[in-house]
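Here's the letter readout for the chains.
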Amino acid sequence: MSGKSIQRSGLLLLAAASYCMAQAPTGAAATARPLALPQSGRVGNVAGSATIQQTASPAGTNTINSSVQVNGALSGSIPDPNPPAAGAVTLTLSDAVRLGLRANLGVISANNSSTGASAQRIQALSALLPNISANTSQSVMQVNLAANGFNFQVPPSLGFSIPTVVGPFGYWQAQGAITQSIYDAVARRNWKATKELEKAAILSGKEARELVVLAVAGTYMQVVATATRIESQKAQVANAQAIYDQAEVRKAAGTNSRIDVMRTLVQLQTEKQRLSSIESDYKQQKLALAGTIGLPLDREITLVEPLVEDGAPAPEMDAAIRQAFQLRSDLQASEAQVAAAKKVLDAARGERLPSIAANANYGISGPNPSSVHPVYTATVSLNVPVWNGGRTKGDIREAEATVHQREAELADQRRQTEQEVRSAVMKLETAAGQMQLAGSNRTYAAETLKEARDRFHLGVANSVEVVQAEQQSAAAETDYVSSLLSLGLARLNLSKAMGQAETSLPDLLRGKNP
């Protein structure tokens, strides 16, 4: 055999060996690891918080004051890409909530969180689906055999030699490859866990919408109440002005002293100061409302739905609690978090089970594209866990702790839901009682003021009696408006506690309960 023939044969053997090494299976792959879940399912509300607060007032006939507190992402929004036409923006309650559900940052953040959970589910599913790839390549190679440990010493008597450097030589190939998990208990249970996490994220998104309704509708009611206070205070200013003018006339006629005039003037200035303060507060509240629904901050907002006095009686407590357990999205999200933790526990236990995977590739290979031959490999591998240093035991114990923690949080969430419903019903009952008291007291104060003014006009009373009557009337008007707001916010709070703030929205300012 000539030296050139041996060299050619060596090149072919080397090329075949190189290709086989590239295509040879690497052995069975290890099973997947269970998902790493935080121990607590309460990972923080990306939407922020919105709460209705009802506090006791030490002064005035109306002994409670209600307000809505909005924090976090719920207080922000993105600009509306299609803002209303230039000029004042007229909003009903439904209009404001619709804009909020579209532009409020709380809903947007919750939706993005749901998208992230969906992406994690898709990633987990990919471990169970076929992975297919295709490639083509043209290789050129020159090999230093001596550098790889091949140093052949052929006796000179044979008449040939083996070179220490071979090549250059080349080959071309095109092939497709597929990898498929046939059975992997961990990967399958991880995928089921991500489905529960996605469900929890979607339910949290629904809860975010409920919070937006609470934040926007509550803020809307506060603005309406403040606008009502402005009109009421303007009436108080006009009344104080009339009494002051009457005192001036009586002083000029010599039937009134200067101190009576000054007393009515002080009262007039006090009412004007109150009006200025309320008007400033009104502007700030409208800015806050615009900020939660995405309206331009330089636009004037006109709210057209007033607060109403009449309302339905509070619902039966047990029925309201049962409805809340059925409808509350945050409670359902907690249940999904528990289910996800249990799936991860199953995945951790699945680390003890065998796994089966298949790998195959098929293609063509040769010195050049015009001279090729089919090539293929196929592998089915079985991986049987024997000992991994106690890792599986540690994963199981960690998953069990997560399940126990989330079950405890679910129990607490159910208790908290019942507490919120009971508190909301009691607040509604209190607000309804205060509304009746404030309404009657408003009527009595108006009658007292009218009689005091008549007595002052006839000269049988001084300005002290009139000023006191004015103050009582102003307090009664303030209490009445506060009672209207408290009643509206109490109905809104109850609908949120029962998990139907969005669905019961059309009835909130019409005196109807969920």
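As the structure is a computational prediction, the values presented were derived from the model and not from experiment.

(A) The arrangement of the sheet that holds strand β4 (residues 131–144) in detail. In space, the four strands of this open sheet follow the order β4-β5-β7-β8, with antiparallel pairing throughout. This sheet does not close on itself; its edge strands, each paired only once, are β4 and β8 (371–383). Put simply, the sheet's adjacent strands are angled 20° from each other on average, direction ignored. The sheet contact formed by strand β7 (residues 355–368) and β8 spans twelve bridges and is antiparallel. Bridge pairing links Asn368 to Ser371 in β8.

(B) Quick look at the environment of Val308. By the element assignment, Val308 lies in the loop between β6 (301–303) and α6 (317–327). With 176 residues separating them in the primary sequence, Val308 and Leu484 have C-alpha atoms 6.8 Å apart.

(C) Examining the packing of aromatic side chains more closely. For the coordinates displayed, the defined rule picks out one aromatic pair. Ring centres of Tyr362 and Tyr376 lie 6.3 Å apart, and the angle between their planes is 20°; this geometry places the pair in the stacked category. Of this pair, Tyr362 sits in strand β7 while Tyr376 sits in strand β8, and the two are 14 residues apart along the sequence. The burial state of Tyr362 is the same as that of Tyr376; both residues are exposed. Here the basic side chain of Arg414 rests over the ring of Phe325, its NZ or CZ set 4.3 Å away from the ring centre.

(D) Region of interest: the packing of helix α2 (residues 93–103) against helix α4 (residues 185–252). Remark: α2 packs on α4, axes separated minimally by 9 Å, with the N-to-C direction vectors making an angle of 140°. Considering their axes alone, α2 and α4 lie oblique with respect to each other. Every pair of crossing elements has a handedness; the one defined by α2 and α4 is right-handed. On α4, the residues touching Leu93, Ala96, Val97, Gly100 and Leu101 of α2 are Arg209, Val212, Val213, Val216, Ala217 and Tyr220. Within the contact of α2 with α4, the residues separate by chemical class into nine nonpolar, one polar and one charged.

(E) Representation of the environment of Ala50 within the structure. Residue position: Ala50 is located in strand β1 (residues 49–56). Each C-alpha atom, one on Ala50 and one on Val70, is 4.5 Å from the other, the two residues being 20 residues apart in sequence.

(F) Region of interest: the nonpolar core. Among the nonpolar cores identified, the biggest contains 72 residues, and Leu91, Val97, Tyr220, Leu295 and Leu303 are the most heavily contacted of them. Tallying contributions element by element places α4 first for this core, with 19 residues. Judged by nonpolar contacts, the second largest core, of eleven residues, contains Leu37, Ala341, Leu345 and Ile396.

(G) Spatial organisation of the environment of Gln436. Locating Gln436 in the fold gives a position in helix α8 (residues 391–458). Given the relative accessible area of 64%, Gln436 is considered exposed. As for Gln436 and Tyr480, which are separated by 44 residues in sequence, their C-alpha atoms are 9.2 Å apart.

(H) Layout of helix α3 (residues 105–126). The terminal C-alpha atoms of α3 lie 32 Å apart, and with 22 residues this matches the ideal 32 Å at 1.5 Å per residue to within 8%. Residues of α3 that are buried: Gly106, Val107, Ala110, Ser114, Ala117, Ser118 and Ala124. Considered in projection along α3, the buried side chains sweep an arc of 120° and stay on one side of the axis. Facing away from the buried surface of α3 by more than 90 degrees, the exposed residues are Asn112, Thr115 and Gln123. For α3, the elements touching its buried residues are α2 and α4.

Basis of the calculations
- Residues numbered from 1 in each chain as written.
- Predicted model: local features only at pLDDT ≥ 70, side-chain atom pairs only at ≥ 80, totals over all residues.
- Heavy atoms only, no water.
- Pairing = 2+ DSSP bridges.
- Helix = DSSP H or I, 4+ residues; strand = E, 2+ residues; numbered from the N terminus.
- Axes fitted to C-alpha atoms, helices over the stretch in contact; angles between N-to-C directions.
- Phe/Tyr/Trp six-rings, centres within 6.5 Å; stacked < 30°, edge-to-face > 60°.
- Buried < 20%, exposed > 50% of the residue type's maximum accessible area, 1.4 Å probe, protein only.
- Lys NZ or Arg CZ within 6 Å of the ring centre and 35° of its normal.
- Parallel < 35°, antiparallel > 145°, perpendicular 65-115°, else oblique.
- Left-handed = near helix turned anticlockwise from the far one by under 90°.
- Contact = heavy atoms within 4.5 Å.
- Nonpolar A, V, L, I, M, F, W, Y, C, P; charged D, E, K, R; others polar.
- Core = buried A, V, L, I, M, F, W, Y, C linked by side-chain atoms within 4.5 Å.
- Expected span 1.5 Å × (residues − 1).
- Arc of directions from axis to C-beta.

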